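Chain and residue survey
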Amino acid sequence: MYALKILAKQYLRFTITIFGVALCLMLMLFLLAIYYGVSDASVRYVRESDADIWVMQRHAANLLRGTSLLTSSHGSVISQVPGVKSIAPVLFFTATVNVPDNTASMHLVGYDPRTGKGGPPEIVKGDTLRNDDQIILDYAFAAKYRIKIGDKLPIRDDTLTVAGLSEGTNLFVIQFAFITLDEARKLLGFPSVLSCYQVKIEPGSDPLSVAKNIRSVSPDFAVYDRLTFLNNNIHEAETGVMPLLYVVALIGAIVLTALLSLILSVYVLEQQKDYAIMKALGAPAGFIPRIVVQQSLILAAGGMVIAILLFDLMLNAVKRFSPTISAESSVRQILIVAAGLLVISLLSSILPLLRQRHIYPLEVFR
Amino acid sequence: MIRDSNIFPAELIKVTKVFSRSGNETVALSNVSFRVSQGELVLLLGPSGSGKTTLLTLLAGFQEPSQGEAYIFGKRVQDYSPSALQKIRACQMGFIFQTFCLLDSLRVLDNVTLVMKFAGIPEKTARRHAGECLERFGIGHLSNEYPGKLSQGEKQRVAVARAIANGSSMILADEPTGSLATEQGMAIIEYLHESVRKDGIGVVIASHDDRISKFADRVHHLRDGILI
């Protein structure tokens, strides 16, 4: 293929360009992986909860950002509502803890370990809570601060022992940690306060009707069925720091377009005489443009292959050296980047295509 | 392929070509009438700047005359669409340039095959025919070499092979001996002369070398854009 022969003639430049493309693509793949990883981890707690209805304080809409304060007496009211089978109180608040040689913030979740409702979605190491002086940490948080099961963790005026490590509890900017509801209230200093109730409904009951009934008993409540509450949290996760990732990915795409466009223009300038010869010999109108587009696609495809190979290594390195970064890769993400790359390849061909239009066969006769 | 003896591959009738640059006008050709028939070798003799190359480019339809008429295969140049002219060049014309203008990134065989691909000849047929053309000029063994490794004499034979490979009716050669030693220079003219005799091709050679005259059926002198 003529397009490849031209590229391979300057093999060092060819190699550097392929790696340049690959680095830009890796950046895009990595940001997508973070996007999906964080989006998933941010809502996994809600998604894997078996609650049919979430009851929070009026105006509160999600767990990620916003404050909700209810009392134990609210629980009594909710329990009386027809269709409600059981309720599980959960208390959320952010606390600073002393970690080895540092301090760190965590999102503490107080729940009743006897029912397990409101607890961690998955414990990957250690055990669930047995006593009030225990804590379950997020796996990434523990890895980052080199905290092991059995270690003591001073929080406010108390010291808790690490009982287990959980996954699906990493919100990227902060991580969940789980303690008993009593311990949470003690640390917060308000004995009957809580953030929300997770409600199970009677079998056969309609969650929307039960939610409506709960809403009707008190104007203090914001009541959500499972799906609405999940969507609220997904929306919150995706409108937080996530758009920033898209902006960075977009900048990466623009840089890649500029890089490819520049390189392809250089190839056109270098091949100016050859293209003039071809035009003089009767090359069809689409022949040289096809070479330019083929070159763009070759560079893009080469970069994509290298990027996929390096991306896997990079993900493993990130998981090892920066465990709080949630990154999830999938074939779908690779296909999204490949589709974007195809568009970038075509866009970056525009400038060199315009340049080659100004190569005239008469140049050969000079 | 057009082989109608009543139609001239290229003809100029009272053609004047004027170039304008920065408000200054230069007359490259003045009132020139010229034609080439199939099966004849026509030599355009003249010093540098006399208008030889301009005349060749008009014959190939790369430019339009400022005044007068230029015909290619019996049709006014202006009446061809750009794609039709491209097809005519690819299928009916062969070109030999002063420095041969082979494509350095392609092997010898691919250089010859390429023009046939431009003419729409299928790849397999084109490669076979290109190989035969190279054999005809005694350079079949160089098919897989790159032009950069060839001598000047070998390059000229590749250039001739490329010019005749697509079954051209007309070959336009611009100073084909210009970058060659005397012996090699005459060799390329002999190849072209052979193509005129064997294939009935019309050949126009623009040169300042009057030793070529002995091979020509007609010789025209150009001086300051005027055909003498």
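Quick look at the overall build of chain B now. Of regular secondary structure, chain B possesses six helices and 10 strands. At 17 Å, chain B has a C-alpha radius of gyration in line with the 17 Å of a compact globule built from 228 residues. When the backbone C-alpha atoms are referred to their principal axes, chain B occupies close to 50 × 40 × 40 Å. A fraction of 73% describes how many contacts in chain B between residues 6 or more apart in sequence connect residues 24 or more apart.

A separate point is the sheet that holds strand S2 (residues 24-36) of chain B. Residue and element names in this part refer to chain B. Across the sheet, four strands lie side by side as S2-S1-S4-S5; this open sheet has antiparallel pairing. Bordering the open sheet on either side are S2 and strand S5 (75-76), each of which pairs with just one other strand. In this sheet, S2 lies alongside strand S1 (residues 10-21) in antiparallel orientation, the contact comprising nine bridges. From the neighbouring strand, Val-15 faces S2, where its bridge partner is Val-32. Against the sheet, helix H1 (residues 52-59) makes contact with S1, S2 and strand S4 (67-72), and its axis sits at roughly 120° relative to S1, the strand it touches most.

A separate point is the packing of helix H2 (residues 11-47) of chain A against helix H7 (residues 226-238) of chain A. All names here are of chain A. The contact between H2 and H7 brings their axes to 9 Å, and the two run at 155°. Looking at the two axes, H2 sits roughly antiparallel to H7. Considering how the two elements wind past one another, H2 and H7 form a crossing that is right-handed. Mapping the contact onto sequence places Val-38, Ser-39, Ser-42, Val-43, Val-46 and Arg-47 in H2 and Phe-229, Leu-230, Asn-233, Ile-234, Ala-237 and Glu-238 in H7. Considered class by class, the residues forming the contact of H2 with H7 number seven nonpolar, three polar and two charged.

Of all hydrophobic cores here, the largest spans 185 residues; its most connected members are Leu-25, Ile-53 and Val-55 of chain A together with Leu-192 of chain B. The leading source of residues in this core is H2 of chain A, at 21 residues. Two domains each donate at least three residues to this core, and these are domain 1 (2-42 + 241-365) and domain 2 (59-219) of chain A. Those residues in contact with Val-55 of chain A, other than ones at most four positions away along the chain, are Ile-78, Cys-196, Tyr-197, Val-199, Ile-214, Phe-221 and Val-223 of chain A.

All names here are of chain B. Confidence along chain B averages 89 in pLDDT terms, with 95% of residues attaining 70 or more. In the predicted structure, residues 1-5 sits below a pLDDT of 50 and forms 10 contacts with residues beyond four places in sequence or in another chain. Across the interfaces of the predicted complex, the ipTM metric reaches 0.90, alongside a pTM of 0.76.

Moving on to the interface of chain B and chain A. In this assembly, 16 residues from chain B lie in contact with 16 residues from chain A. Top element by residues in the side of chain B that touches chain A is helix H2 (residues 82-92) of chain B. It accounts for four residues. When its residues are assigned to classes, the side of chain B that touches chain A shows nine nonpolar, five polar and two charged.

Glancing now at the sheet that holds strand S7 (residues 170-174) of chain B. All names here are of chain B. Taken in spatial order, the six strands of this open sheet run S6-S7-S8-S3-S9-S10, and their pairing is mixed. Across the chains shown, the open sheet's two edge strands, defined by having one partner strand only, are strand S6 (93-96) and strand S10 (226-227). In this sheet, strand S8 (residues 202-207) lies alongside S7 in parallel orientation, the contact comprising five bridges. Across the sheet, the residue bridging to Asp-174 is Ala-206, located in S8. Against the sheet, H1 touches strand S3 (41-45), S7, S8 and strand S9 (218-223), its axis set at about 155° to S8.

Moving on, we get to the pairing of strand S4 (residues 102-111) of chain A. Residues and elements named next belong to chain A. In this sheet, S4 lies alongside strand S3 (residues 84-99) in antiparallel orientation, the contact comprising nine bridges. Counted as the bridge partner of Asn-98 is Thr-103 from S4. Strand direction decides the pairing type here: S4 and strand S9 (residues 176-180), joined by five bridges, are parallel. Of the residues in S9, the one forming a bridge with Leu-108 is Ala-177.

The next subject is the packing of H2 of chain A against helix H11 (residues 331-357) of chain A. When two helices pack together, their arrangement is captured by the angle between the axes and the distance separating the axes. Residue and element names in this part refer to chain A. Where H2 meets H11, the axes come as close as 10 Å, and the angle between the chain directions of the two elements is 140°. As judged from the angle between their axes, H2 and H11 are oblique. For the crossing formed where H2 meets H11, the hand is right-handed. Along its contact with H2, which presents Leu-25, Met-28, Leu-29, Leu-32, Ala-33 and Tyr-36, the element H11 presents Gln-333, Ile-334, Ile-336, Val-337 and Leu-341. Here the residues of the contact of H2 with H11 are counted per class, giving 10 nonpolar, one polar and no charged.

Analysis parameters
- Residues numbered from 1 in each chain as written.
- Chains lettered and ligands numbered in written order.
- Predicted model: local features only at pLDDT ≥ 70, side-chain atom pairs only at ≥ 80, totals over all residues.
- Helix = DSSP H or I, 4+ residues; strand = E, 2+ residues; numbered from the N terminus.
- Rg over C-alpha atoms; globule rule 2.2 N^0.38 Å.
- Contact = placed C-beta atoms within 7 Å.
- Pairing = 2+ DSSP bridges.
- Axes fitted to C-alpha atoms, helices over the stretch in contact; angles between N-to-C directions.
- Parallel < 35°, antiparallel > 145°, perpendicular 65-115°, else oblique.
- Left-handed = near helix turned anticlockwise from the far one by under 90°.
- Nonpolar A, V, L, I, M, F, W, Y, C, P; charged D, E, K, R; others polar.
- Core = buried A, V, L, I, M, F, W, Y, C linked by C-beta atoms within 7 Å.
- Buried ≥ 20, exposed ≤ 12 C-beta atoms within 10 Å, placed from the backbone.
- Domains from an automatic or database assignment.
- pLDDT = per-residue confidence, 0-100.

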